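Take a look at the letters that make up each chain.
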Amino acid sequence: MKKTQNKLQVWQDRLSKARSAYQDTLDKMTVWNDYYNGTRVSQDDPNGGRKSTRKSSNVRNIVYELVESQVDSTVPLPRVDAIHEEDKDLARNIEAVLRHEIHIQSLPELNDLQERTVPIEGGSFWLVEWDPAAGTHCSLGDVKVTELHPKQVIPQPGVTELEQMDYVFVQIAQTKEYIKERYGVDVSSASEEQPDIRGGGAGTCDDIVTQNIAYYKKDGKVGMFSWVDDEVLVDMDDYQARRLEYCKECGAEKTGPVCVCGSRKFEERAVNEQPVPEGLGIPQYTDPVEMEITDVNGDAVLDENGQPMVQVVSNVAKIPCYNPGMYPLILRRNVRKADTFLGGSDVAVIMDQQDSIKKMGSKIDEKILKGGSFVTLPEGVNIETTDRELKIIRVKNPSDKALIGVINVQPDVSKEMNALEQNYQWAKSTMGITDAYQGKYDSSATSGTAKQFSANQAAGRLQSKREQKNIAFSRLYRAIFHYLLAYSDQPIPFSVKNPDGSTMYAHFNRWDFLKRDEAGEWYWNDEFIFTVDSSANTMTSRASLWEMLDLKYQAGGFGPLNDPETPLRLWTMLEAAEFPYAAQVRALMAQYVEEQKNAMSQMQGGNAGVQPV
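Definitions and limits used
- Residues numbered from 1 in each chain as written.
- Predicted model: local features only at pLDDT ≥ 70, side-chain atom pairs only at ≥ 80, totals over all residues.
- Heavy atoms only, no water.
- Helix = DSSP H or I, 4+ residues; strand = E, 2+ residues; numbered from the N terminus.
- Buried < 20%, exposed > 50% of the residue type's maximum accessible area, 1.4 Å probe, protein only.
- Contact = heavy atoms within 4.5 Å.
- Polar contact = N/O pair within 3.5 Å; in protein donor to acceptor, adjacent residues only side chain to side chain.
- Patch = residues over 30% accessible without salt bridge, like charges linked within 9 Å, V, L, I, M, F, W, Y side chains within 5 Å.
- Areas by Shrake-Rupley, 256 points an atom, 1.4 Å probe, with all protein chains shown as cover.
- Salt bridge = Lys/Arg side-chain N within 4 Å of Asp/Glu carboxyl O.
- Pairing = 2+ DSSP bridges.
- Axes fitted to C-alpha atoms, helices over the stretch in contact; angles between N-to-C directions.

Things to note about the environment of Gln171
Inference 1: With respect to the helices, strands and loops of the structure, Gln171 is situated in strand 5 (residues 167–175).
Inference 2: For Gln171, a relative accessible area of 1% puts it in the buried group.
Inference 3: It is 6.5 Å that separates the C-alpha atoms of Gln171 and Val153, two residues lying 18 residues apart in sequence.
Inference 4: Excluding its chain neighbours within four sequence positions, the residues that come into contact with Gln171 are Leu15, Arg19, Gln152, Ile154, Gln194, Ile197, Thr210, Gln211 and Asn212.
Inference 5: A distance of 2.7 Å separates the side chain of Gln171 from the side chain of Arg19, its partner in a polar contact.
Inference 6: Within the structure, Gln171 has its side chain in polar contact with the side chain of Asn212 (distance 2.9 Å).

So this is what it looks like as C-alpha cells:
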C-alpha cells in the first residue's frame with residue numbers, strides 16, 4: 001500500500017509540473033476559443049499596458065468565417081500497401097475492414113468536430129482503445145475511437161514529439177458512478193479538479209470528477225497509471241498486454257467461479273503467450289517429452305527396481321501475443337511549427353485584424369446612432385411631439401415660419417468602413433483564402449477557368465493542412481489495425497462496396513497474419529504501409545463519378561456514338577455507379593439492342609434467299 005501511495009505522489013507531482021509548464025498554451029487556447037465564439041473584448045494594449053475593458057457593440061466575426069471556410073467534411077479513406085508480394089490480398093482485406101470501421105466508429109462525426117478544433121487550437125487528438133463490451137453477436141470487443149480536446153492532453157515538459165515522450169497525461173471528466181462501476185473504486189467524496197477541460201467556462205459539478213491518466217514507456221512497453229483525487233484506479237506497467245485471471249492460491253488459470261483448489265480469489269496477470277486455438281492447422285501440442293513423476297514433497301517416485309518413474313507429457317503449444325506497443329493517442333496538427341507540441345493556430349495570426357474590425361464596428365455604430373435630424377424653431381415657438389399625422393405649430397407672425405427648418409446630420413463612416421474591409425482582406429490574405437475559394441463573386445476571375453484556377457491557388461496554400469490531416473488519419477488507421485491484430489479473437493464481419501457497385505461480405509481474421517519465420521519462430525505480420533487514398537473520395541462521390549462517365553461517353557470512351565451498344569455500355573456502368581433508375585434504362589437499352597440485332601439477322605437472311613438475275 002505504501003509503495004502505491006509513493007507512486008501516486010510521484011505521478012501527481014509530475015502532472016503538476018507538466019501543467020505548470022503547459023499553462024501558457026492552455027490559457028491561449030481559452031482566448032482562441034473565445035475569439036471563434038465572437039468575444040466582444042479585445043486584447044490588451046501591447047504598448048500602453050492598459051487592460052481592455054470596453055466591449056464592442058458590433059462584432060463581425062471574421063475568425064468564425066475564415067475557420068468555417070476551411071471545413072472539409074470528407075474523411076480520407078485508407079490505403080494499405082503490402083511490403084511483401086504474397087501479402088497483397090491481406091492488404092486489401094485490411095483496407096476493407098478499415099473502411100468498415102470508419103462508419104462503426106462514426107469518424108465522419110469526429111472529423112467534423114476536429115475540423116473546427118484543429119485550426120482554432122492548433123491540433124486535436126484521438127484516443128484509441130479496445131472496448132471488450134463492443135462488437136457484434138458473433139464477436140467480442142471492438143476498437144473504440146474518441147476525440148480529445150487538446151486541453152485534455154498534457155505533454156511531458158521540454159518534448160514536442162509524442163512518440164519521443166517518456167510519459168504523457170490525459171485528463172477526462174467522468175461521473176462518479178462511472179468510476180465506481182468501471183474500476184470498483186468509490187470516489188463519492190472527491191471533487192472535480194479541472195472543470196475547464198469540459199469547455200465553455202464550466203464550473204465544478206458535484207457528480208463529476210477528473211480522471212487523471214498517465215501513459216508512460218517502460219522496457220519498450222506502454223504502461224498506464226490512473227487516479228482520481230487520491231484514489232488509485234489503475235497501475236499497469238504493460239497495460240496493452242493480454243491479461244488472464246489466475247488463482248491467488250495455486251496459480252491455476254481461471255476456468256470458472258471456483259478454482260480446482262477450491263479458492264474463489266483470483267487476480268489478473270499479463271501474459272506474453274497464448275495457447276494455439278483449434279482449426280488453424282497449427283499443432284496444438286509440442287513434441288512429447290519424458291518427465292519424472294514426483295510426490296507431494298517434490299521427490300522422485302521410484303518403481304519396484306528402484307528406478308525413477310517417468311511419464312510422457314505433451315505440453316500445449318503457445319504463440320506470442322501481439323502487443324501494439326504505441327501510445328493510444330493520435331495527434332492531428334493544423335500546420336507544423338518548430339519547437340511546439342501542437343501545430344500553429346489560425347486564430348493566433350489574425351487576432352490583431354479581428355480586434356481592429358471590432359473597434360471599427362463599434363465606432364461605426366456610435367457615429368450612426370449619434371447622428372440624426374434636428375429642428376430649428378424661433379424662440380418661444382413649440383411643436384407637438386405626438387404620433388399624429390398632422391402636427392400643429394403655432395406662430396405669432398408669418399416671419400416666424402421662415403425660421404422653422406430641419407438639419408440632417410449624417411456622419412461620414414467611409415474611413416471606418418475602408419479600414420474594416422482592409423483588415424478583413426489582410427486576414428484572408430494571411431490565411432490564404434480567396435473569394436473564389438469561399439464561393440463568393442471574384443471580380444479578378446473573368447471566366448469559369450480563371451475562377452477555378454483562383455480557387456486551386458488558394459487550395460494550394462492550404463495543402464499543408466490537408467497533408468497533416470492525411471498523416472493523422474493514416475496513423476489512426478494503423479493504430480486501429482494494430483488493436484484488431486492484438487485483441488480480436490473472433491473473426492470480425494464487415495461489408496464494403498466494390499468499385500462496380502456490388503457489396504462484398506467478408507471477415508477480418510487476425511490469425512491470417514500469424515506467420516512462421518525460417519527459424520521456426522511464430523510472429524505476427526504487421527509489415528504494411530498505411531496511407532490515405534486521395535482518389536477514393538472522388539470514387540465514393542457518386543455525382544462526380546456520374547459526371548466522369550458522361551465525359552468519357554462523349555469522348556468515345558465506350559465506343560462509337562452511332563453504335564447502339566455504346567449507350568448500353570454507358571448505362572451498364574451507371575448502374576454499377578448507382579445512378580437512379582439506371583437498371584431500368586439499361587434493361588430497355590439491352591432490349592433495343594437485341595431487337596436491332598434480330599432485325600439485322602432477318603434482313604441478312606432475306607437477302608441471302610434472293611437469287612441474282
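Section: a nonpolar patch on the surface
Inference 1: A grouping of Val375, Leu377, Ile383, Ile393, Val395 and Val406 is seen on the molecular surface, where their side chains present a nonpolar patch of about 450 Å² in accessible area.
Inference 2: Tracing the chain through its elements places Val375 in strand 16 (residues 372–376).

Overview of the sheet that holds strand 7 (residues 221–228)
Inference 1: The 5 strands lie next to each other as 4-5-6-7-8, forming an open sheet whose pairing is antiparallel. Strands with a single pairing partner mark the edges of an open sheet, and in this sheet they are strand 4 (153–155) and strand 8 (231–236). Each strand of the sheet is rotated relative to its neighbour by a mean of 20°, with strand direction disregarded.
Inference 2: Note that strand 7 and strand 8 share 5 bridges and pair antiparallel.

Examining the pattern of salt bridges
Inference 1: The tally for this structure, following the rule as stated, stands at 29 salt bridges.
Inference 2: When the shortest N-O distance is used, the salt bridge between Asp72 and Lys469 registers 3.7 Å. Within this pair, whereas Asp72 is found in the loop between helix 2 (62–69) and strand 1 (77–82), its partner Lys469 is found in helix 12 (residues 463–487), the two being separated by 397 residues in sequence.
Inference 3: Note on Lys469: relative accessible area 5%, which makes it buried.
Inference 4: Across the salt bridge formed by Lys465 and Asp346, the nearest N and O atoms sit 2.6 Å from each other.

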